[in-house]
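Coordinate analysis (summary)
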Amino acid sequence: MNQASPDRHSPSTSSQVGVLFVCLGNICRSPTAEGIFQHLVNINQLSDAIFVDSAGTGSWHVGRPPDARSQRVALQRGYDISQLRARQVAVSDFAKFDYILALDGDNLASLEKIKPRHYSGHLGLLLPFAPHINRREVPDPYSGDEKDFQLVVDLIQEAATGLLNHIRARL
Ligand code: 4NP
């Protein structure tokens, strides 16, 4: 997602590690992942070292804020994602991001199709960074109810910690 202001969807220095979360619409799961991971980066004083963004493989919601249910559930847990705006993933993202992490297998498959042959970063799923949880995908909550949105936050919180530890060990 783009920040409403200023425009920020590229690492500001080449030494920053770029992390991009990708779902379908960029209004539920990936902005939630962006908000949770950005919070972790901030409280660990790593915002100079790690750049965080999110995008969708679909274009239907481009320019829109996160789904009201995602905003509400995230805020209940202490994450304000209201300033984010949806954008569609682009081939150019592969030149900008060291980690491109899909929230589910369908979106990973879409990314594999546009991945440049020489991409040397990590393209994969987010949840394997939480090996103790027995799931590989964050289910799409869009047609669900409150508990589906709560589950999105629960799963992402677990994986975000594992992801930060993984990246920090390589800084
Ligand atoms: P997301 O959820 O991929 O987690 O942002 C969805 C949002 C919108 C739609 C599907 C999933 N949609 O079909 O519009």
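Residues numbered from 1 in each chain as written. Predicted model: local features only at pLDDT ≥ 70, side-chain atom pairs only at ≥ 80, totals over all residues. Heavy atoms only, no water.

Moving on to the site of the ligand. As a matter of local geometry, the ligand sits amid Cys23, Leu24, Gly25, Asn26, Ile27, Cys28, Arg29, His61, Asp140 and Tyr142. Within the contact set of the ligand, an oxygen atom lies 2.9 Å away from a backbone nitrogen or oxygen of leucine 24. Considering the ligand on its own, with 360 Å² of exposed area, one finds that the protein chains cover 88% of that surface. Along the lines of polarity and charge, the residues of the shell around the ligand split into five nonpolar, three polar and two charged. (Near = heavy atom within 4 Å. Polar contact = N/O pair within 3.5 Å; in protein donor to acceptor, adjacent residues only side chain to side chain. Areas by Shrake-Rupley, 256 points an atom, 1.4 Å probe, with all protein chains shown as cover. Nonpolar A, V, L, I, M, F, W, Y, C, P; charged D, E, K, R; others polar.)

Examined against the element boundaries, arginine 29 turns out to sit in helix α1 (residues 29-43). The exposure class of arginine 29 is buried, given its relative accessible area of 2%. Here valine 138 takes part through its backbone oxygen, which lies 3.0 Å from a polar atom of the side chain of arginine 29. Residues in contact with arginine 29, not counting those within four places in the same chain, are Cys23, Leu24, Leu103, Asp104, Asn107, Val138, Pro139, Asp140, Pro141, Val152 and Ile156. (Helix = DSSP H or I, 4+ residues; strand = E, 2+ residues; numbered from the N terminus. Buried < 20%, exposed > 50% of the residue type's maximum accessible area, 1.4 Å probe, protein only. Contact = heavy atoms within 4.5 Å.)

Here α1 spans 21 Å end to end across 15 residues, near enough to the 21 Å set by a 1.5 Å rise per residue. With 12 of its 15 residues buried, α1 lies for the most part within the structure. Considered for burial, the residues of α1 that qualify are Arg29, Ser30, Pro31, Thr32, Ala33, Glu34, Gly35, Ile36, Phe37, Gln38, Leu40 and Val41. Backbone geometry just after α1 places glutamine 45 at a positive phi near 55°. (Expected span 1.5 Å × (residues − 1).)

Val19, Phe21, Phe37, Ile50, Leu126 and Leu163 are the most contacted members of the largest nonpolar core, which totals 39 residues. Those elements that provide at least two residues to this core are β2 (17-23), α1, β3 (50-56), α2 (68-76), β5 (99-102) and α5 (146-168). Among the elements that take part in this core, α5 stands out by supplying 10 residues, more than any other. Ignoring sequence-local partners within four residues, the contact set of phenylalanine 37 consists of Val19, Phe21, Ile50, Val52, Ala160, Leu163, Leu164 and Ile167. Core analysis: the next-biggest nonpolar cluster, separate from the first, contains 14 residues, Phe51, Ile100, Leu123 and Leu125 among them. (Core = buried A, V, L, I, M, F, W, Y, C linked by side-chain atoms within 4.5 Å.)

Moving on: the pattern of salt bridges. Taken as a whole and assessed by the stated rule, the structure comprises six salt bridges. In this structure, the salt-bridge partner of aspartate 67 is arginine 69, at a minimum N-O distance of 2.8 Å. Each of Asp53, Arg87 and Asp93 takes part in one network of salt bridges that share partners. (Salt bridge = Lys/Arg side-chain N within 4 Å of Asp/Glu carboxyl O.)

Empty space within the largest pocket amounts to approximately 200 Å³. Forming the boundary of the largest pocket are 13 residues, of which Gly35, Gln38, Asp80, Ile81 and Leu84 lie nearest the centre. Element by element, the count of residues in the lining of the largest pocket is highest for α1, at five residues. Class assignment of the residues belonging to the lining of the largest pocket gives a composition of three nonpolar, eight polar and two charged. (1 Å grid on protein atoms, 1.4 Å probe; cavity = no way out; pocket = protein on both sides within 12 Å on 5 of 7 lines; lining within 4 Å. Points joined across faces, edges and corners; volume = space filled by probe spheres on them.)

So, about empty space enclosed by the protein. Evaluated as defined, the whole model comprises one cavity of 30 Å³ or more. As a volume, the largest cavity reaches approximately 40 Å³. Forming the boundary of the largest cavity are Cys28, Arg29, Thr32, Ser70, Val73, Ala74, Pro141, Phe149, Val152 and Val153.

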